[in-house]
Protein chains: 2
Amino acid sequence: MAASRRPAQYAPGIARKEAIMDAAFVAFGTVGYWNTTMKQIADDCDVTRAGLLHHFPTKEALLEAVLGRRDELNRARFFQDSWPPGRDGRHFLIRMVRLVLANAAQPGIINLFAVLSAEAIAPNHPAHSYFAHRYERTKGWIREAFLDLRAKGQLRPGVDVGTIDIDLVSLLDGLQVQYLYWPDQVDMAERFRAALAQVLVEPLTDEEIEADAASSTPEVEPA
Amino acid sequence: MAASRRPAQYAPGIARKEAIMDAAFVAFGTVGYWNTTMKQIADDCDVTRAGLLHHFPTKEALLEAVLGRRDELNRARFFQDSWPPGRDGRHFLIRMVRLVLANAAQPGIINLFAVLSAEAIAPNHPAHSYFAHRYERTKGWIREAFLDLRAKGQLRPGVDVGTIDIDLVSLLDGLQVQYLYWPDQVDMAERFRAALAQVLVEPLTDEEIEADAASSTPEVEPA
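The structure presented is a predicted model; accordingly, all values stated were derived computationally and were not measured.

Enquirer: Even after reading the chapter, I still don't get the side chain of Asn103(B), so can you show me in this structure?
Expert: Mapped onto the elements, Asn103(B) comes out in helix H5 (residues 89–104). Setting aside chain neighbours within four positions, we find Asn103(B) in contact with Ile109(B), Ile110(B), Gln176(B) and Met188(B).

Right, here's the structure in full:
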């Protein structure tokens, strides 16, 4: 469908670049970064090695592009227009639940992140800084959200705002792995909402989540 | 020290086999299974390729041996003598806390498991069944422990014994990754105990954990 729609608008080079990133996405997400070769990616998307190197001179550059595109899509769909600068903690959590729901529908994405975030623990991995920064940013957002919730009296007594970011990010990371092993048995969004229900005075409702989805700008088609 | 103690008791073949497993442990834990070659492992421990193949005819066999040794040590140190058959839920959780403390002292082990458990999501990975089985077993133990705690009136009202296993295993998996990125900022055992404190009527005490460590048989020296 996409190929037949306004083909003149798309330079072949751009389509090829997208095809390369798609192939790299699949390869990195299954066998990891170290074990993926540029030759394999070129073969997978039927591009010559010279064509591949024209767009991405190194495997590192390709990895960076794949991760960057994912973040850009998530920002467009979930966070760009609301955080910052909305800084409403409850709204942020609603968006996180929607992101988890969207990820569950695309196991390839969470597989990519599960494999790469573990590989990238090694300080010499080209995505090490990317993941370290990504964790810091997500945890910073969660802390901001909970400070806002606390200020508005929406947190149960005893909730430790100083560690909730570590706990929630850990839960989400771990849920992703179990979900990939048992997609029919692990409901990531439900488990995440249950964890939030333990700390919020008023648990998030289905209505709030649906209303946010309906009010958002049309979703960008994910990769 | 170990090499000079009763050398006659150790056949050179056994020492070599141990050295191979040590080298494989480090390699699998840093670059993963797919990217480790048998040649690299042979070089790392100064064994010929023929010598390596004598002990481990395939890379799969070597992976199996490395994972099996780890489980055996954990059983000897933490679970063998108490679960089953003790089936005291509180004692099981104390042992889990001690296992988390021991793992924190050996980042190589959690790095190995973080990298391999993510890689092994792929159904064609040779450790896929191993990890699937390992998750099932650990979750089964946690469910048993919480059923026991519930029966003894030691759980707070509202705790869902049907999902606590997923939540706790997810938390522990995710904590390991963050701990490997920021060993100084993430206290895995403290976070795990905080999660348990949310569900137990009486949180685990330092005294209980220390008493269990003191009463255990001398710990096997970990790999």
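Enquirer: What should I look at first to understand the environment of Ile109(B) in this one?
Expert: Residues and elements named next belong to chain B. Turning to its location among the elements, Ile109 is positioned in helix H6 (residues 107–119). For the pair Ile109 and Val26, spaced 83 residues apart in sequence, the C-alpha separation works out to 8.8 Å. If we skip the residues at most four places from it in the chain, Ile109 touches Phe25, Arg70 and Asn103.

Enquirer: Would you take a moment to explain the interface of chain A and chain B for this structure?
Expert: Interface extent is often summarised as the accessible area lost during association of the parts. With 35 residues of chain A in contact, the opposing surface of chain B contributes 35 residues. Between chain A and chain B the total buried area reaches about 3,200 Å² when both faces are included, carbon and sulfur atoms providing 59% of it. The interface formed by chain A and chain B includes 2 salt bridges. Put simply, Asp167(B) and Arg191(A) hold a salt bridge, and the shortest N to O gap is 2.7 Å. Inspection of the chain A/chain B interface yields 18 residue pairs in polar contact (both at pLDDT 80 or more). If you list the elements that add at least two residues to the side of chain A that touches chain B, you get helix H6 (107–119), helix H7 (128–151) and helix H8 (164–181) of chain A.

Enquirer: Would you mind showing me how to read the relation of the copies chain A and chain B here?
Expert: Note that the two copies of the chain are related through a rotation about an axis and a translation along the same axis. Overlay of chain A on chain B (RMSD 0.0 Å): rotation 180 degrees, translation along the axis 0.0 Å. Both copies of the chain, as the preceding transformation shows, are related through a two-fold rotation axis. Interface overlap between copies is the fraction of interface residues in one copy that are interface residues in the other; for chain A against chain B it reaches 100%, indicating a shared surface.

Enquirer: Sorry, what's going on with the packing of aromatic side chains here?
Expert: The description of two aromatic rings rests on the distance between their centres and on the angle between their planes. Taken as a whole and judged by the stated rule, the model has 16 aromatic pairs over all chains. Residues Phe113(A) and Phe131(A) carry aromatic rings whose centres are separated by 5.8 Å and whose planes lie at 80 degrees to one another, so their mutual orientation is edge-to-face. With Phe113(A) in helix H6 and Phe131(A) in helix H7, the pair connects residues that are 18 residues apart, well separated along the chain. Here Phe131(A) falls in the buried class, since its relative accessible area comes to 1%. Here Lys59(A) stacks its cationic end above the ring of Tyr33(A), 4.3 Å away from the centre of that ring. Its end group placed over the ring of Trp182(B), Lys139(A) keeps NZ or CZ at 4.7 Å from the ring centre.

Enquirer: How should I be thinking about the nonpolar core in this particular structure?
Expert: Nonpolar side chains in soluble globular proteins tend to be buried together. Counting residues in hydrophobic clusters, the biggest one holds 134 residues, and the most contacted among them are Phe28(A), Leu62(A), Phe146(A), Phe28(B), Leu62(B) and Phe146(B). Those residues in contact with Phe146(A) that lie beyond four places of it in its chain are Leu93(A), Leu155(A), Val161(A), Ile164(A), Leu168(A), Leu196(A) and Val199(A).

Enquirer: So what exactly am I meant to see when it comes to helix H7 (residues 128–151) of chain B here?
Expert: Taking 1.5 Å of rise per residue, the 24 residues of H7(B) would be expected to cover 34 Å, and the 35 Å separating its terminal C-alpha atoms lies within 8% of that figure. Two residues or fewer after H7(B) comes Gly153(B), characterised by a positive phi angle close to 70 degrees.

Enquirer: I keep staring at the environment of Arg77(B) and nothing clicks. Help me out?
Expert: Within the secondary structure, Arg77(B) is located in helix H4 (residues 59–79). Counting along the chain gives 35 residues from Arg77(B) to Leu112(B), while the straight-line C-alpha distance between them is 19 Å.

Enquirer: Teacher, can you tell me more about the pattern of salt bridges here?
Expert: When charged atoms on two side chains of opposite charge get close, those side chains can pair. Applying the stated criterion across every chain yields a total of 26 salt bridges over all chains. Note that Arg134(B) is salt-bridged to Asp71(B), the shortest N-O span being 3.6 Å. Of this pair, Arg134(B) sits in helix H7 while Asp71(B) sits in helix H4; the two residues are 63 residues apart in sequence, bridging distant segments of the chain. Here Arg134(B) falls in the partly exposed class, since its relative accessible area comes to 23%. For Asp71(B), a relative accessible area of 9% translates into the label buried. Close ionic contact of Asp88(B) with Lys152(B) constitutes a salt bridge, the shortest N to O distance being 2.8 Å. Of this pair, Asp88(B) sits in the loop between H4 and H5 while Lys152(B) sits in the loop between H7 and helix H8 (164–181); the two residues are 64 residues apart in sequence, bridging distant segments of the chain. Judged by its relative accessible area of 30%, Asp88(B) is partly exposed. Overlapping salt bridges bring together Glu18(A), Asp22(A) and Arg69(A) as one network.

Enquirer: Before we go on, may I ask you to explain unusual backbone geometry in this structure?
Expert: Comment: phi is negative for the bulk of residues other than glycine, and the bulk of peptide bonds are trans. At Asp46(A), a residue that is not glycine, the phi angle is positive and equals roughly 60 degrees. Within the fold, Asp46(A) resides in the loop between helix H2 (38–44) and helix H3 (49–55).

Enquirer: Which parts of the structure should I look at to understand the environment of Leu168(A)?
Expert: Residues and elements named next belong to chain A. Locating Leu168 in the fold gives a position in helix H8. By relative accessible area, Leu168 is classed as buried at 5%. Each C-alpha atom, one on Leu168 and one on Leu180, is 18 Å from the other, the two residues being 12 residues apart in sequence. Apart from residues lying up to four places away in sequence, Leu168 is in contact with Ile142, Phe146, Phe192, Ala195 and Leu196.

Criteria and cut-off values
Residues numbered from 1 in each chain as written. Chains lettered and ligands numbered in written order. Predicted model: local features only at pLDDT ≥ 70, side-chain atom pairs only at ≥ 80, totals over all residues. Heavy atoms only, no water. Helix = DSSP H or I, 4+ residues; strand = E, 2+ residues; numbered from the N terminus. Contact = heavy atoms within 4.5 Å. Buried area = accessible area lost by both parts, 1.4 Å probe. Salt bridge = Lys/Arg side-chain N within 4 Å of Asp/Glu carboxyl O. Polar contact = N/O pair within 3.5 Å; in protein donor to acceptor, adjacent residues only side chain to side chain. Least-squares fit on C-alpha atoms with pLDDT ≥ 70 in both. Phe/Tyr/Trp six-rings, centres within 6.5 Å; stacked < 30°, edge-to-face > 60°. Buried < 20%, exposed > 50% of the residue type's maximum accessible area, 1.4 Å probe, protein only. Lys NZ or Arg CZ within 6 Å of the ring centre and 35° of its normal. Core = buried A, V, L, I, M, F, W, Y, C linked by side-chain atoms within 4.5 Å. Expected span 1.5 Å × (residues − 1).

All quantities given are derived from atomic positions and should not be read as evidence of function.
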